[in-house]
Structures are given as structure tokens and as C-alpha cells.
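Read off the chains here:
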Amino acid sequence: MSLAHAQHSNGQPTLSERADALEEHMMHELEHIVTKSVLFGMADGKVEMESGPALMAKNPGKYMLMGEDPRLPKMPEKPTLVDYFRCRFASTSHLLQSATHALKGGHSEKVVLACLLHDIAVVSFIRCDHGYWGAQMIEPYVDEEVSWAIRAHQALRFFPDEEAGYKYPDMYVKLFGPDYRPEPYIVEEYNRARNHKYYMTSRLICVNDIYSFDPNAKVSLDDFVDIIGRNFKQPKEGLGLDSSPSAHMWRTMLWPSRFL
Ligand SMILES: [Fe+2]
Ligand SMILES: [Fe+2]
């Protein structure tokens, strides 16, 4: 949409129209044609896509982007989990605060790692069903206790366990309203998880989940580099460039705007 067509009744383009125009302008500045996956547009309420030929016609002389997006922070050739933390995670303070809390509580390294990674899907990938996505992303590289716990926290966080020190978060009442009830599949997941041998690991993610962020808390990824080293099997080819069942998910973060 060009600026000339994107105007409010007062004659001024709206913020989102200006953002669209700027984005289109930037696309023309780039050497290659950058495409958006359908899912990205759905978040704006649109189920639509531009065809390859239409994009080529709008951008004569250019090819589709089939590699890294120059607008994003440059990733090393063989990226590690720490590189994703630094270059692809939009925010890390919640993860670092939760993991710091677990570390100070004297929990095992598996619990600390689970806290450190429990919301990676939220900060880098997809919010909906983030526990499932996050667990799947790390599954090939961690002990099953860690990925199981992350998957189950998706459900457990909606159910209190006062004995374990977890009540339904006030924050959820604020965020979702007092009448919110989880979907039936979440209730079923919770019922299955209750009797699982790793229940308490997942429950500890909830207990250490810091809902009120302290902007002044001093947290650093450096405190966790050794724990990651001992508990996360970093593939030698680079995370995402290996052939694990979830490598494609990391590659998608590496090159989120690749045409195919
Ligand atoms: Fe979470
Ligand atoms: Fe969290």
C-alpha cells in the first residue's frame, strides 16, 4: 500500500499504514525479495499471500531471498543456543530471572535449564501452545525430563498446587479475566501430567516462573553458560544446521523470511 492511498479520514496515514509503507520501501531497498509467511499475516487478521510471480513483477530484476535476512542480527556460521539467545530472542529477562530464581533455590541443573528454556517459543517463535513448541525445539538436545517439563508447563500453569507452593497467578486474572477457563485439551494434559514421574520438574517451572518482572534485577546469561554446556547437546554443525527432528525449527528462526 503506498502512502498516497493509505490515509485516515483526517488525511494522515495511520501508524500501521505508515509501518506498511516503510516496510515496502525497505523491501525495495533490499537486494532480494523478502517474503512473509502466511502465519505472519494472520496475526494482522489477514489470510492471504502474494504469489511468486506477483512479487517478481513488483520487483523487476530481483530474486527471492533464499538465505539470511540482512535486516536481522548476523548469526555465526555454526550457531549455538547462546547465539540464538543473543541474536534471535526478543527478550531474555523473564527466562534469566526464572532460571536465577531456580538456581538460588538450589534446584538441580535440569530444573534450572528447564526454567531457562521454558518460554523460548514465546520470545522467539510462536506464542500459541508455546510449551509444546518450546519442548519440541529442544527435545533432541536435552534430557527428556527437561523437554517433558517444558511441554507440561503449558497445562500445569493454569492449575494451582498449593502444597508445591504454586497458586493460580493473579497475573492470569489480569491478563485473561476472572472467567477464563483453559481448553479441554489443556485440562486433559494436566490430568495426565499429575501422575507422571517428572510432574514435580514441570511444577517447579511454574513455581519459579516470575510473573512480576523486576527491571532492576541483575541477571546474566553468563551465569548459565556452563549449565547449558553440560546439559544441552550442541550439534557440531550448528544448531539448526544439523539433521535432528527439530533442526528445521531453528533454521526457520535463522532465516525466517526465506522464500522456501
Ligand atoms: Fe510459559
Ligand atoms: Fe514463563
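Residues numbered from 1 in each chain as written. Chains lettered and ligands numbered in written order. Predicted model: local features only at pLDDT ≥ 70, side-chain atom pairs only at ≥ 80, totals over all residues. Heavy atoms only, no water.

On to the overall build of the chain. A tally of regular secondary structure across the chain gives 14 helices and 0 strands. Across the chain, helices and strands are ordered from the amino to the carboxyl terminus as α-α-α-α-α-α-α-α-α-α-α-α-α-α. Across its three principal axes, the chain shows a C-alpha extent of roughly 60 × 50 × 40 Å. Expressed as a percentage of the 260 residues in the chain, the buried residues total 42%. Excluding contacts between residues fewer than 6 apart, the proportion of contacts in the chain whose partners are at least 24 apart in sequence is 68%. By element, 55% of the accessible surface of the chain is carried by carbon and sulfur atoms, the whole surface being about 14,900 Å². In the chain, which carries 28 positive and 35 negative side-chain charges, the distance between the mean positions of the two groups comes to 2 Å. (Helix = DSSP H or I, 4+ residues; strand = E, 2+ residues; numbered from the N terminus. Buried < 20%, exposed > 50% of the residue type's maximum accessible area, 1.4 Å probe, protein only. Contact = heavy atoms within 4.5 Å. Areas by Shrake-Rupley, 256 points an atom, 1.4 Å probe, with all protein chains shown as cover. Lys, Arg positive; Asp, Glu negative; His and termini not counted. Charge placed at Lys NZ, Arg CZ, Asp CG, Glu CD.)

Before going further, it helps to spend a moment on the coordination of the iron ion (ligand 2). On the protein side, the iron ion (ligand 2) has His 94 (NE2), His 118 (NE2), Asp 119 (OD) and Asp 209 (OD) as donor atoms, found 2.1 to 2.2 Å from it. Around the iron ion (ligand 2) sit 4 donor atoms, and with donor-metal-donor angles ranging over 77 to 161 degrees the site reads as irregular. Separating the iron ion (ligand 2) from the iron ion (ligand 1) is a gap of 3.7 Å, bridged by Asp 119, which donates to each. Since its relative accessible area comes to 9%, Asp 119 is described here as buried. (Donors = N, O, S within 2.8 Å, 3.2 Å for Na, K, Ca; no water. Tetrahedral: all angles 85-135°; square planar, octahedral: opposite > 155°, others 65-115°.)

Six octahedral donors around a metal ideally sit at 90 or 180 degrees from one another, while four tetrahedral donors ideally sit at 109.5 degrees. Protein coordination at the iron ion (ligand 1): the donors are Asp 119 (OD), His 130 (NE2) and His 153 (NE2), at 2.1 to 2.2 Å from the metal. Along the chain, the residues donating to the iron ion (ligand 1) fall in the pattern D-x10-H-x22-H. Of the residues examined, His 153 reaches a relative accessible area of 1% and is grouped as buried.

With that settled, consider the confidence of the model for the chain. With 92% of its residues at a pLDDT of at least 70, the chain reaches an overall mean of 92. Below a pLDDT of 50 lies the segment residues 1-7, which in the model reaches 13 contacts outside its immediate sequence neighbourhood of four places, other chains included. (pLDDT = per-residue confidence, 0-100.)

In the contact formed by helix 9 (residues 144-156) and helix 12 (residues 199-208), the axes pass within 8 Å of each other and the chain directions differ by 60 degrees. With respect to their mutual orientation, helix 9 and helix 12 come out oblique. When the axes of helix 9 and helix 12 are compared, the crossing they make is right-handed. Together, Glu 145, Trp 148, Ala 149, Ile 150, Ala 152, His 153 and Leu 156 of helix 9 and Tyr 199, Thr 201, Ser 202, Arg 203, Ile 205 and Cys 206 of helix 12 make up the contact between the two elements. Taken together, the residues that form the contact of helix 9 with helix 12 break down as 8 nonpolar, 3 polar and 2 charged. (Axes fitted to C-alpha atoms, helices over the stretch in contact; angles between N-to-C directions. Parallel < 35°, antiparallel > 145°, perpendicular 65-115°, else oblique. Left-handed = near helix turned anticlockwise from the far one by under 90°. Nonpolar A, V, L, I, M, F, W, Y, C, P; charged D, E, K, R; others polar.)

Taken residue by residue, helix 14 (residues 247-254) has Ala 247, Met 249, Trp 250, Met 253 and Leu 254 as its buried positions. Viewed end-on, helix 14 has its buried residues packed into an arc of 160 degrees, placing them on one side of the element. As for helix 14, its buried residues are in contact with helix 4 (81-87), helix 7 (120-124) and helix 8 (130-138). (Arc of directions from axis to C-beta.)

Between side chains of opposite charge, a pair can form when the charged atoms approach closely. Tallied over the entire structure, the rule returns 12 salt bridges. Ionic pairing is found between Glu 145 and Lys 110, a salt bridge with its closest N-O pair at 3.9 Å. Placement of the pair is Glu 145 in helix 9 and Lys 110 in helix 6 (residues 109-117), with a sequence separation of 35 residues. Where Glu 237 meets Lys 236, a salt bridge forms, and the shortest distance between an N and an O atom there is 3.6 Å. The network of salt bridges with common partners includes Lys 110, Asp 143 and Glu 145. (Salt bridge = Lys/Arg side-chain N within 4 Å of Asp/Glu carboxyl O.)

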